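Coordinate analysis (summary)
Below, each chain spelled out in residue letters.
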Amino acid sequence: MDGVSIAVVDDHPLLTEGIVALLQRKGGFSLVATGSAADHITAITETHQPDAMIVDLNMAGDAFQAISDASKAAPHMKMVVFTASTSTDHAIQALDAGASGYVLKGSPADDLFDAIEAARRGEIYITPAFATKVIGALQSKALEKRAAQSTRLSVREDQIVRLLLCGKQNREIARALSLSEKTIKGYMTNLMHKLNARNRLEVVIAAQRLVPPGAEARDPARPR
């Protein structure tokens, strides 16, 4: 074989042999190395720096970390995950680590070749039948991140929330923080909007999810 230099890392020898046979039949590839553990991904990258590498996730070591390290060490090298894992979390983690392709074992052989070609064009490839689930999971994570960012409290809001969890009323909160009661009411209005709460009770309920366990037991205005 000659052409695109490629390596295969999978802990199942028969599967590795099958992938190598597929590459030979396809033509246009030059096999430079094989491996069977996550640390082999790093070693092969350092020694050979192939154009592309086909890797499994379910093998000894941390495959995700190895993919990340290899991608940083050899940015030109395209990593294609070839795995039986149908976990969308695994797919997202692999792509975040630097993989350019995620192909499920059991897919047609053409999927693997399509993934390699797409990766070399700078594109992301996911097994078509699985891609919709991954995209849906990515959208959900984006919405969760956006929601988390929208409910991030300022230092002053955090102080007020902790006092609320201590059972303080607006007048007591104002006195504790050396602010006017009107100012506290303004903060409460902002907190209701930020936490999507309709009243003071719902602010307290929502706040319990934002404050670490045990933190509400301490009055932030009281000296330690």
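Read on for a plain summary of the structure. (Residues numbered from 1 in each chain as written. Predicted model: local features only at pLDDT ≥ 70, side-chain atom pairs only at ≥ 80, totals over all residues. Heavy atoms only, no water.)

**Regarding the sheet that holds strand β5 (residues 101-104)**
- Spatially, the 6 strands line up as an open sheet ordered β2-β1-β3-β4-β5-β6, and their pairing is parallel. Every interior strand has two partners, whereas the edge strands, β2 (29-35) and β6 (125-126), have only one.
- In the packing of helix α4 (residues 88-97) onto the sheet, the strands contacted are β4 (78-83), β5 and β6, and the crossing angle to β5 comes to about 150°. (Pairing = 2+ DSSP bridges. Helix = DSSP H or I, 4+ residues; strand = E, 2+ residues; numbered from the N terminus. Contact = heavy atoms within 4.5 Å. Axes fitted to C-alpha atoms, helices over the stretch in contact; angles between N-to-C directions.)

**As for the pattern of salt bridges**
- Within the structure shown, the criterion is met by 6 salt bridges.
- The partner of E123 in a salt bridge is R121, and the shortest N-O contact between them spans 3.1 Å.
- According to the relative accessible area criterion, E123 is partly exposed, its value standing at 36%.
- Its salt-bridge partner being E157, residue K194 comes within 2.9 Å of it at the nearest N-O pair. Here K194 is found in helix α9 (residues 181-194), whereas its partner E157 is found in helix α7 (residues 155-165), with 37 residues between them in sequence.
- Using a relative accessible area of 24% as the deciding quantity, one classes K194 as partly exposed.
- Here the salt bridges share partners, and the residues they tie into one network are D10, D56 and K105. (Salt bridge = Lys/Arg side-chain N within 4 Å of Asp/Glu carboxyl O. Buried < 20%, exposed > 50% of the residue type's maximum accessible area, 1.4 Å probe, protein only.)

**A short note on the pairing of β5**
- Burial along β5 is two-sided: G101 and V103 facing one way and Y102 and L104 facing the other are all buried.
- As defined by bridge partners, β4 adjoins β5 across 4 bridges and the pair is classed as parallel. Within the sheet, the bridge partner assigned to V80 lies in β5 and is G101.
- Note that the unit made of β4, α4 and β5 has a crossover that is right-handed.
- Judged from the 2 bridges that link them, β5 and β6 form a sheet pairing that is parallel. Paired with G101 across the two strands is Y125, which belongs to β6. (Right-handed = clockwise from strand over helix to strand, strands pointing away.)

**Observations concerning the pairing of β4**
- The element β4 is largely enclosed, with a buried count of 5 among its 6 residues.
- As paired elements, strand β3 (residues 52-55) and β4 share 4 bridges and run parallel to each other. When the sheet's bridge partners are listed, V55 is paired in β4 with V81.
- Handedness of the crossover is the feature at issue here: the chain leaves β3, passes through helix α3 (residues 63-73), returns alongside β4, and the resulting connection is right-handed.

**Focus: the packing of aromatic side chains**
- All chains considered together, the criterion is met by 2 aromatic pairs.
- Considering the side-chain rings of F29 and F113, the 6.0 Å spacing of their centres and the 25° angle between planes classify their relative orientation as stacked. Taken as a pair, F29 in strand β2 and F113 in helix α5 (residues 109-120) lie far apart in primary sequence, 84 residues in all. Exposure class is identical for F29 and F113. Each is buried. (Phe/Tyr/Trp six-rings, centres within 6.5 Å; stacked < 30°, edge-to-face > 60°.)

**Some words on α9**
- The first and last C-alpha atoms of α9 sit 20 Å apart over 14 residues, in line with the 20 Å expected at 1.5 Å per residue.
- What α9 keeps buried is the set I184, M188 and L191. Buried residues of α9, seen end-on, are gathered within an arc of 65° and therefore sit on one face of the element. Among the exposed residues of α9, those pointing more than 90 degrees away from its buried face are K182, T189 and H193.
- Taken together, the buried residues of α9 touch α7, α8 (170-177) and α10 (200-207). (Expected span 1.5 Å × (residues − 1). Arc of directions from axis to C-beta.)

**Description of the environment of S180**
- Position of S180 relative to the elements: it lies in the loop between α8 and α9.
- Of the residues examined, S180 reaches a relative accessible area of 37% and is grouped as partly exposed.
- Only 2.8 Å separates the side chain of S180 from the side chain of T183, close enough to count as a polar contact. (Polar contact = N/O pair within 3.5 Å; in protein donor to acceptor, adjacent residues only side chain to side chain.)

**Some points on the side chain of S107**
- In this fold, S107 is placed in the loop between β5 and α5.
- Polar side-chain contacts of S107 include one of 2.6 Å to the backbone oxygen of L104.

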